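# Structural overview
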Amino acid sequence: MMAEAGAGGPRLAELLALGRRLWEELEASTEPSSGAPAVQDKVRQGLDALQRAAAMVTQLELFSENEELEEVASADLKFMLLPALLGALTLKQVDLSRRREHLESAREHFLHFLKLCRNYGLGSFQLPPGTSSEDEARSSPAPRDPSQPNLVAMAMSRSAKIERYKQKKELENKLASMSSSVESGAADEDQIREFYTLQIQKWIGTSLEEIESIDQELVILKSRDAARQSPAGSRGPPRPARTPVKPFILTRDAAQARVFGAGYPGLPTMTVDDWYEQRRKQGIVSQQAFGEPGSPPCPSPAAGTSDDEMQKQQQETEEEEDDEEALRKARDWDDWKDTHPRGYGNRHNMG
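An account of the accompanying structure is given in this report. What you are looking at is a predicted structure, and each value in this text was computed from that prediction instead of being measured.

## With respect to the packing of helix α2 (residues 37–60) against helix α3 (residues 82–90)
In the contact formed by α2 and α3, the axes pass within 10 Å of each other and the chain directions differ by 155°. One element, α2, and the other, α3, form an angle in the roughly antiparallel class. The two elements α2 and α3 cross, and the hand of that crossing is left-handed. Contact residues: α2 offers Val 43, Gly 46, Leu 47, Leu 50, Gln 51, Ala 53, Ala 54 and Val 57, while α3 offers Leu 82, Leu 85, Leu 86, Leu 89 and Thr 90. Here the residues of the contact of α2 with α3 are counted per class, giving ten nonpolar, three polar and no charged.

## Thoughts on the pattern of salt bridges
Inspection of the entire model under this criterion finds 16 salt bridges. Here Asp 48 and Arg 52 are joined by a salt bridge, their closest N and O atoms 3.9 Å apart. Placement of the pair is Asp 48 and Arg 52 together in helix α2, with a separation of four residues, close to one helical turn. For Asp 48, a relative accessible area of 40% corresponds to the partly exposed category. Three or more residues joined by partner-sharing salt bridges are found here, namely Arg 100, Glu 104, Arg 224 and Asp 225.

## Notes on the nonpolar core
Ranked by internal contacts, the top residues of the largest apolar core, which has 57 residues, are Phe 63, Met 80 and Phe 113. Breaking this core down by element, the ones donating at least two residues are α1 (2–27), α2, α3, α4 (99–119), α6 (151–184) and α7 (189–229). Among the elements that line this core, the one with the most residues is α7, at eleven residues. Excluding its chain neighbours within four sequence positions, the residues that come into contact with Phe 63 are Val 57, Val 72, Asp 76, Phe 79, Met 80, Leu 116 and Tyr 120.

## Some details on the side chain of Lys 78
Note that Lys 78 resides in the loop between α2 and α3. In this structure Lys 78 is buried but unpaired, with Asp 76 as the nearest side chain of opposite charge at 5.8 Å. A polar contact is formed between the side chain of Lys 78 and the backbone oxygen of Ala 75, at a distance of 2.6 Å.

## Topic: the packing of α4 against α7
Between α4 and α7, the shortest axis-to-axis distance is 9 Å and the interhelical angle comes to 150°. Viewed along their axes, α4 and α7 adopt a mutual orientation that is roughly antiparallel. For the pair α4 and α7, the sense of crossing is left-handed. The residue makeup of the contact of α4 with α7, split by class, is 15 nonpolar, one polar and nine charged.

What counts, and at which threshold
Residues numbered from 1 in each chain as written. Predicted model: local features only at pLDDT ≥ 70, side-chain atom pairs only at ≥ 80, totals over all residues. Heavy atoms only, no water. Axes fitted to C-alpha atoms, helices over the stretch in contact; angles between N-to-C directions. Helix = DSSP H or I, 4+ residues; strand = E, 2+ residues; numbered from the N terminus. Parallel < 35°, antiparallel > 145°, perpendicular 65-115°, else oblique. Left-handed = near helix turned anticlockwise from the far one by under 90°. Contact = heavy atoms within 4.5 Å. Nonpolar A, V, L, I, M, F, W, Y, C, P; charged D, E, K, R; others polar. Salt bridge = Lys/Arg side-chain N within 4 Å of Asp/Glu carboxyl O. Buried < 20%, exposed > 50% of the residue type's maximum accessible area, 1.4 Å probe, protein only. Core = buried A, V, L, I, M, F, W, Y, C linked by side-chain atoms within 4.5 Å. Lys, Arg positive; Asp, Glu negative; His and termini not counted. Polar contact = N/O pair within 3.5 Å; in protein donor to acceptor, adjacent residues only side chain to side chain.

Here it is as C-alpha cells:
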C-alpha cells in the first residue's frame, strides 16, 4: 500500500492541499454574500479538487474495513479528512432550487467520514439517527412513545455538545502549537501521526454538529414541499355564498312605515311583523322565533278574520289614536293662548 500511495502521493497530496486551502479561505472570507461569484468559484474549484482526490483514494484502496489504525501510514491519515471536507464545501453552495439535494449530499459525506473513523476506532461517539448500519442498530435505544419527551436523551445530548465544545477548543490549541513544525517538515513521524489524529478528532465533532443542523433544515424543507404539493381543496370546504340583502328601513308599526316612506320614497320600508313574515317564508326564521320556547303563546286573531280585515282594523285604530292625539294637542294650544297673550315674555319690547 505504501508503494501505491507513494506513486500517487504527490498528485493526491496536492489535490487535498488545494481543496483544504480553498475551504480555509472561504471560512476566513469577508465577502458580504456567500453567493458572490468569487466565493462560488472557489467552492466549485475546491469541490472539483477534493472529488478527484477521493476518486484516487478509492482507486488506491488506502483504507480498508479489515485493517487497524496502526496499519495505516502516518502520511496517509490526512486523506481520511476528504469526506468531511467534501461535506463542508458542499454546504457552501447557494443554489436554492437544489438546496435539499446539497443538504442530503453533504450529510452523506459527513456520515461516510464518521463511519470511516468509527471503523478505525478514532473517537468515541454514536452515529446520528437514520444510519443503516448494524452497529447503529445495536446501539440504538428501544422504541418509545413519540408523544413523551425523552428527557434522558435530551440531557445526554446537551452534555455531549458541551463536552464536544470543550474538546474542540483543546484540539484547536494543540493543533495551533504543532502546525508550524509539521508544515515545515521538522516534525518526526510520531508528531505527524498525532497531528493528523487530532485533526480527525476535531472534524468528528464538526461532522456531528453539521449533521444535526442538516437534519433540522431537511425537516423544514420537507414540510414546505408537502404544503406546496397539497391540493387546495384539502384546506376545507369553501363557504357558501351569502345572498345579498337589499337595504330597507325597519319600522315599529305601519304608522312609522308611512312616515318614513313619505320621507324616503326611493327606499322600501316594512314593519317588524312584515320582516318576520318575509324571513319565515325564506326559511331563515322558524315559527318559534315569534316566541321563546316555554313562554306563553302569542294571542291569536279571532277565528274567521282574514289578514286584510286585521290590517284594516289595525289601521283604523291607529288613525283614531292619531286623531285623538292631534285633537288633544290642538285643545292644549288653544288653552295656552287664552292665558298667554301675544308678546308674552318679551321684556325688551322686541318682536
